[in-house]
Amino acid sequence: LDEAAPRPALAAIPWNKHTLTADGRETIALALLQGYPRSQIARALGTTVRTLKRLIDDDPLLGDAIEARKDAEEAELR
């Protein structure tokens, strides 16, 4: 009775709980293609720009959308 109760094992704390659904991924890709600023997209998601950047870096579809937008902007400048 004098011993302290055993503590539960510690679990890893997720550093970011935000994940994307398939519909969310397509919506973000469309917003990136249309040229919306990342800050506005992040605000609409209820997250930060840093988290949005991580989501973009982790998803090839979103990376492709950014590249397509860059190519379109370069074509307009020419």
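Please refer to the structure higher up on the page.
Below is a summary of the structure that appears in this document. (Residues numbered from 1 in each chain as written. Predicted model: local features only at pLDDT ≥ 70, side-chain atom pairs only at ≥ 80, totals over all residues. Heavy atoms only, no water.)

## Quick notes on the overall build of the protein
Rule in force here: Helix numbers and strand numbers start at the N terminus; a helix is a DSSP run of H or I with at least 4 residues, a strand a run of E with at least 2. Per-residue accessibility, obtained with a 1.4 Å probe over protein chains only, is compared with the maximum for each type, and a residue is labelled buried under 20%, exposed over 50%, and partly exposed between these values. The contact criterion used is simple: two residues touch if any of their non-hydrogen atoms lie within 4.5 Å. Throughout, the Shrake-Rupley method with a 1.4 Å probe supplies accessible areas, and for residues the shown protein chains are the sole cover considered.
For the protein, the helix and strand inventory stands at four helices and zero strands. Going from the N terminus to the C terminus, the protein shows its helices and strands as α-α-α-α. A buried classification covers 22% of the 78 residues belonging to the protein. In the protein, the proportion of contacts linking residues at least 24 apart, taken out of those at least 6 apart, comes to 60%. Roughly 6,500 Å² of accessible area belongs to the protein as shown, and the carbon and sulfur atoms make up 54% of that amount.

## Remarks on the nonpolar core
The line we're drawing: In plain words, nonpolar cores are sets of buried Ala, Val, Leu, Ile, Met, Phe, Trp, Tyr and Cys residues tied together by side-chain atoms within 4.5 Å.
Grouped together as the largest cluster of nonpolar side chains are 13 residues, with contacts concentrated most on Leu20, Ile28, Leu32, Ile41, Leu52, Ile56 and Leu62. Elements with a minimum of two residues in this core: α1 (22-33), α2 (38-45), α3 (49-58) and α4 (60-77). The element contributing the most residues to this core is α1, with four residues. Apart from the residues within four sequence positions on either side, Leu52 is in contact with Ile28, Arg38, Ile41, Ala42 and Leu45.

## A short note on α4
Definition in use: A helix is expected to span 1.5 Å multiplied by its residue count minus one. Arc, as used here, means the arc of the directions from the helix axis to the C-beta atoms. Polar contact is defined as a pair of N or O atoms within 3.5 Å, subject to the rule that within protein one atom must be able to donate a hydrogen and the other to accept it, and that residues adjacent in sequence are counted only when both atoms are side-chain atoms.
Compared with the 26 Å implied by 1.5 Å per residue over 18 residues, the 26 Å span of α4 between its first and last C-alpha is a close match. Listed as buried for α4 are Leu62, Ala65 and Ile66. Projected down its long axis, α4 carries its buried residues within an arc of 95°, all on one side. Of the exposed residues in α4, the ones pointing more than 90 degrees away from its buried face are Pro60, Asp64 and Ala75. With a side-chain oxygen positioned 2.9 Å from the backbone nitrogen of Leu61, the residue opening α4 is Asp59.

## Details of the pattern of salt bridges
Defined as follows: Criterion for a salt bridge: a side-chain nitrogen of Lys or Arg within 4 Å of a carboxyl oxygen of Asp or Glu.
Counted by the stated rule, this structure contains four salt bridges. Between Arg54 and Asp58 there is a salt bridge; the shortest N-O distance is 3.3 Å. Note that Arg54 and Asp58 are positioned in helix α3 at a spacing of four residues, about one turn of the helix. Exposure remark for Arg54: the relative accessible area of 18% places this residue in the buried category.

What is shown is where atoms sit, not what they do.
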